[in-house]
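Each chain, written out:
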Amino acid sequence: MNNRESLGSRLGFILLSAGCAIGCGNVWKFPWMAGQYGGGGFVLMYVLFLVLLGVPVMTMEFSIGRAAQSSPLTMMKKLEKPGAKWHAYGAAALLGNVALMAFYTVVCGWILYYFVQFLTGHSAGLSFGPMISDPGLNVGYTFATIAIGFGVISFGLQGGLERVTKFMMPALLALMVGLGIRSLTLPGAAEGVRFYLVPDFSKIDGKVVVGAMNQAFFTLSLGTGAMAIFGSYIGKDHSMMGESLRVVALDTLAALLAGFIIFPACTTYGLEVGAGPALLFNTMAEVFNQMEGGRVFGTLFFLFMTFAAFSTVLAVFENILAMVREITGWSRRKGCVLCGIGIFALALTTALGYSVLKFQPFAEGSAWLDLWDFIVSNNILPLGSLVYCLFCCNKFGWGWDSFVAEANTGRGMKVRVWMRPLFRYIVPAAIAGLWIYGMVTFNWR
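Residues numbered from 1 in each chain as written. Predicted model: local features only at pLDDT ≥ 70, side-chain atom pairs only at ≥ 80, totals over all residues. Heavy atoms only, no water.

J.: I'd like to hear about the layout of surface pockets, residue by residue, with values.
T.: Taken as a whole, the largest pocket spans an internal volume of roughly 970 Å³. Considering the residues around the largest pocket, the lining is formed by 32 residues, among which Trp32, Tyr37, Asp370, Asp373 and Phe442 are closest to the centre. Counting residues per element, the ones that place at least two in the lining of the largest pocket are helix 2 (24–36), helix 5 (89–119), helix 10 (206–220), helix 16 (368–393) and helix 18 (420–441). Each residue belonging to the lining of the largest pocket can be placed in one class, and the counts come to 16 nonpolar, 11 polar and five charged. (1 Å grid on protein atoms, 1.4 Å probe; cavity = no way out; pocket = protein on both sides within 12 Å on 5 of 7 lines; lining within 4 Å. Points joined across faces, edges and corners; volume = space filled by probe spheres on them. Helix = DSSP H or I, 4+ residues; strand = E, 2+ residues; numbered from the N terminus. Nonpolar A, V, L, I, M, F, W, Y, C, P; charged D, E, K, R; others polar.)

Next up, the structure:
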């Protein structure tokens, strides 16, 4: 890795960063969490956390990446003061990205399977339970997801990842807008929109708040260095806070559109909005099977889901590959092959976790997926984000002045002096407090 690759355009940077954020977290996890946590109240807290916590942390990630010009594995080592130990975070970043792909690639495989079934006209009788308990199906589609993902990025940053994302992200947003309009024209749409957007403040408790914060970090891919790596690929023409706002805006748009697609359809057809992880698969499959022209709309729906899932898979694969190549010095294609084998081996725990490798890490009904999600969503994302805050805003880290100088380089919105208390005190205190509350109230058994 003597010559560091870079992105070909600012548009590529924004779409890649947004693609990393817009994924299963928006179109699979966000709707079922909103359904389980009472609708509008959860959505309100989620949007607040995106703005108050997400934008500052993303600005810090982008700035560190651009200043260090390296992967998350070594970026803090380049910026820390002599004798400091911030570089230990690099190992946690690699662990977080790998743990995320240990279950995310399986979920992506489920979505790909549903797309194929609707496309080929075999959607009748589709059900979440039989799907996740079929070992051959899960292994096959997980392998396909990983092979496609590393196959794309093996062609390079500009030739593979950036080129595919520039097509995939506009197509994704166009499909979402079209499906959202179709869903809003259903006869029971008003009730679904009311559940989705009108907060019931009596349902907002500590678990809802913690869930909304964790979901905000999950959907923005913050805390694992996934955003920092793209910061390291971009030039100094634009300030990092302005770019962060654009990425967060695209991410929020995608999440809200997913809800506009799903909840009006649920209330129209009398389906349970609190179905949990199965909401996307059981509920939406039933909706499309009942709807006139359902095969076409179902195919389009799961096509956009496939685009969304792969946008994150590609981005995180690139992050893992960059870190591994810094350690080993492998070529891009060799790294893709060997990283793909490693991710596939680890993902087999989730792929087979509902059949031949059953494991209950927490309460009854939990499985390998829940363990990996707990490691990532409940721990590495919020704690990694806390590390960024402490590193950027304190003299014992990179330091506020160094962070602001990098963040404000270029045209666009700047980090202002009055924002310092938000970045230095409010954001880290909120993250630490809610993480502790989440651990205390977690449903361990």
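Having seen it, we continue.
J.: A description of the side chain of threonine 219 should follow, citing residues and the corresponding values.
T.: Within the element layout of this structure, threonine 219 appears in helix 10. Judged by relative accessible area, which is 0%, threonine 219 ranks as buried. (Buried < 20%, exposed > 50% of the residue type's maximum accessible area, 1.4 Å probe, protein only.)

J.: Just give me the short version of empty space enclosed by the protein, but keep the residues and values in it.
T.: Under the definition given, this model contains three cavities of 30 Å³ or more. Roughly 50 Å³ of internal volume is contained in the second largest cavity. Lining the second largest cavity are Leu179, Arg182, Ser183, Ile261, Ala265, Met284, Phe288, Met291 and Phe297. Of all the secondary-structure elements, those providing two or more residues to the lining of the second largest cavity are helix 8 (157–184), helix 12 (240–268) and helix 13 (279–290). The element contributing the most residues to the lining of the second largest cavity is helix 8, with three residues.

J.: Residue-level account of the state of the cysteines, with values.
T.: Taken as a whole and judged by the stated rule, the model has zero disulfides. Free of any disulfide, cysteine 389 has its nearest cysteine sulfur in cysteine 393, 6.1 Å distant. Overall, the relative accessible area of 1% leaves cysteine 389 in the buried class. Of the cysteine sulfurs around cysteine 392, a residue in no disulfide, the closest is that of cysteine 393, at 6.0 Å. Note on cysteine 392: relative accessible area 0%, which makes it buried. (Disulfide = S-S within 2.5 Å.)

J.: With reference to specific residues and values, describe the packing of helix 15 (residues 332–351) against helix 16.
T.: One way to put it is that helix 15 packs onto helix 16 with a least axis distance of 7 Å and a crossing angle of 120°. It follows from the interaxial angle that helix 15 and helix 16 lie oblique. On the side of helix 15, the interface is formed by Leu346, Thr349 and Thr350, while helix 16 contributes Trp368, Leu369 and Trp372. Per-class residue counts for the contact of helix 15 with helix 16 are four nonpolar, two polar and no charged. (Axes fitted to C-alpha atoms, helices over the stretch in contact; angles between N-to-C directions. Parallel < 35°, antiparallel > 145°, perpendicular 65-115°, else oblique. Contact = heavy atoms within 4.5 Å.)

J.: An account of the environment of leucine 271 is requested, with residue identities and associated values reported.
T.: Among the structural elements, leucine 271 can be located in the loop between helix 12 and helix 13. As a C-alpha pair, leucine 271 and asparagine 282 span 11 residues in sequence and 9.7 Å in three-dimensional space. In this view, leucine 271 contacts Cys266, Thr283, Glu286 and Val287; residues no more than four positions away in its chain are not counted.

J.: Would you mind going over the packing of aromatic side chains in detail, with residue names and values included?
T.: All told, the structure shown has 38 aromatic pairs when counted by the stated rule. Pairing phenylalanine 362 with tryptophan 444 gives two aromatic rings, centres 6.0 Å apart and planes at 70°, and the pair type is edge-to-face. On the criterion of sequence distance, the pair formed by phenylalanine 362 in the loop between helix 15 and helix 16 and tryptophan 444 in the segment after helix 18 is long-range, its members being 82 residues apart. Taking the relative accessible area as the measure of exposure, tryptophan 444 reaches 37% and is therefore partly exposed. Relative to tryptophan 398, the ring of phenylalanine 391 has its centre 6.3 Å away and its plane inclined at 15°; by these criteria the two rings are stacked. The same class applies to phenylalanine 391 and to tryptophan 398, which are both buried. Clustering of aromatic rings is evident, with ring pairs tying together Trp110, Tyr113, Tyr114, Phe118, Phe128, Tyr141, Phe281, Phe288, Phe301, Phe302 and Tyr354. A cation over a ring is seen here: arginine 182 above phenylalanine 297, with NZ or CZ 5.2 Å from the ring centre. If you follow arginine 333 out to its NZ or CZ, it ends over the ring of phenylalanine 155, 5.1 Å from the centre. (Phe/Tyr/Trp six-rings, centres within 6.5 Å; stacked < 30°, edge-to-face > 60°. Lys NZ or Arg CZ within 6 Å of the ring centre and 35° of its normal.)

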